[in-house]
Amino acid sequence: MPSIAIPLCIFLILLSAYSPSIAGNDSQSPTAYEILQEYNFPVGLLPKGATRYEFDKTTGNFAVYFKKSCTFSISGYNLKYMSKITGKISKDKLANLKGVQVKLLLFWINIVEVTHDSDELDFSVGIASADFPINNFYESPQCGCGFDCVNSGEIGTGEFNLMKLISLF
């Protein structure tokens, strides 16, 4: 009887070579921030502190994890990142986003899509959208303090002005 060990080993090697990548814990894997850059997005779309991520290269589906929910103010407006953010990434487009919100007046509104067009990022809350210069997102904000982290010794230069988005309502 022939041994099935060799065909089984070949099958397992081929399976691992073609399986979707699920990463985030391996030091050889890119970070969630590097994956954003691979798809033409700046790292500042995610706050600092992502603990791990899952990414399926074949479908573009992803999940990014933080230790806890993250809220911070930038230019007087509040953003909230849940402890798990999910969506689908493709070149210049983040779609089906779940877990990212902006506070407009008294309500938290989900940001459902982000597209990169030229030197701007377009943020959609479903019924409305607003464009912001991409250079506002070259660095990642920090939970609790955004870009004004004096206590941590970090002072950022980015600015996320949501006035245009608010004016749409």
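What counts, and at which threshold
Residues numbered from 1 in each chain as written. Predicted model: local features only at pLDDT ≥ 70, side-chain atom pairs only at ≥ 80, totals over all residues. Heavy atoms only, no water. Salt bridge = Lys/Arg side-chain N within 4 Å of Asp/Glu carboxyl O. Helix = DSSP H or I, 4+ residues; strand = E, 2+ residues; numbered from the N terminus. Buried < 20%, exposed > 50% of the residue type's maximum accessible area, 1.4 Å probe, protein only. Core = buried A, V, L, I, M, F, W, Y, C linked by side-chain atoms within 4.5 Å. Contact = heavy atoms within 4.5 Å. Disulfide = S-S within 2.5 Å. Pairing = 2+ DSSP bridges. Phe/Tyr/Trp six-rings, centres within 6.5 Å; stacked < 30°, edge-to-face > 60°. Patch = residues over 30% accessible without salt bridge, like charges linked within 9 Å, V, L, I, M, F, W, Y side chains within 5 Å. Areas by Shrake-Rupley, 256 points an atom, 1.4 Å probe, with all protein chains shown as cover.

Colleague: Is there a simple way to explain the pattern of salt bridges in this structure?
Modeller: Oppositely charged side chains are able to pair whenever their charged atoms sit close together. Tallied over the entire structure, the rule returns 2 salt bridges. For the salt bridge of Glu54 with Arg52, the shortest nitrogen-to-oxygen distance reads 3.3 Å. A salt bridge links Glu113 to Lys93, with the nearest nitrogen and oxygen atoms 3.8 Å apart. Of this pair, Glu113 sits in strand 7 (residues 113-117) while Lys93 sits in strand 5 (residues 93-104), and the two are 20 residues apart along the sequence. On the basis of relative accessibility, which here comes to 26%, the residue Glu113 falls in the partly exposed class.

Colleague: Help me understand the nonpolar core in this model?
Modeller: Generally speaking, soluble globular proteins have nonpolar side chains that are buried together. Judged by nonpolar contacts, the single largest core of 35 residues is most densely connected at Phe41, Leu45, Leu94 and Val114. Those elements giving two or more residues to this core turn out to be helix 2 (32-38), strand 1 (52-55), strand 2 (61-65), strand 3 (70-74), strand 4 (77-90), strand 5, strand 8 (120-124) and strand 9 (129-133). Sorting elements by how many residues they give to this core places strand 5 first, with 5 residues. If near-sequence neighbours (up to four positions away) are discounted, Val114 is found in contact with Phe41, Leu45, Asp92, Lys93, Leu94, Leu97, Leu121, Asp122 and Phe123.

Colleague: For this particular structure, what's the right way to read the environment of Val43?
Modeller: Its place among the elements puts Val43 in the loop between helix 2 and strand 1. Residues Val43 and Tyr33 lie 10 residues apart in sequence; the distance between their C-alpha atoms is 5.1 Å. Ignoring sequence-local partners within four residues, the contact set of Val43 consists of Tyr33, Leu36, Gln37, Phe137, Tyr138, Glu139 and Ser140.

Colleague: Whenever I open this one, the state of the cysteines confuses me. Can you help?
Modeller: Two cysteines form a disulfide when their sulfur atoms are joined by a covalent bond. If you walk through the whole model with that rule in mind, you get 1 disulfide. The disulfide partner of Cys70 is Cys143, and the S-S distance across this bridge is 1.9 Å. Torsion about the S-S bond of the Cys70 and Cys143 cystine: about -115°, corresponding to left-handed handedness. Placement of the pair is Cys70 in strand 3 and Cys143 in the loop between strand 9 and strand 10 (148-149), with a sequence separation of 73 residues. The class for Cys143 is partly exposed, based on a relative accessible area of 31%.

Colleague: Quick question: what am I supposed to make of the pairing of strand 2 here?
Modeller: Consecutive side chains along a regular strand alternate between the two faces of the sheet. Across the 5 residues that make up strand 2, a large majority, 4, are buried. Sheet topology note: the strand 1/strand 2 ladder contains 4 bridges and is antiparallel. Each residue of the ladder has a partner; that of Glu54, found in strand 2, is Ala63. Where strand 1 folds back on strand 2, the antiparallel hairpin that results is connected by 5 residues, among which Gly60 adopts a positive phi of roughly 85°.

Colleague: For this particular structure, what's the right way to read the packing of aromatic side chains?
Modeller: Each aromatic ring pair is characterised by the separation of its centres together with the angle its planes make. As enumerated under the stated definition, the model contains 4 aromatic pairs in all. When the ring of Phe72 is compared with that of Tyr81, the centres are 5.9 Å apart and the planes differ by 15°; the resulting orientation is stacked. Relative to Phe132, the ring of Phe123 lies with its centre 5.7 Å away and its plane at 70°, an arrangement referred to as edge-to-face. Exposure remark for Phe123: the relative accessible area of 6% places this residue in the buried category.

Colleague: Would you mind going over a nonpolar patch on the surface with me for this structure?
Modeller: Nonpolar side chains collect at one region of the surface, where Leu105, Leu106 and Phe107 lie side by side and expose about 410 Å² of accessible area between them. By secondary structure assignment, the location of Phe107 is in strand 6 (residues 107-110). The class for Phe107 is exposed, based on a relative accessible area of 56%.

Colleague: Can you walk me through the environment of Ser73 in this structure?
Modeller: Position of Ser73 relative to the elements: it lies in strand 3. On a C-alpha basis, the gap between Ser73 and Pro141 in space is 9.6 Å, while along the polypeptide they are 68 residues apart. If we skip the residues at most four places from it in the chain, Ser73 touches Asn78, Cys145 and Gly146.

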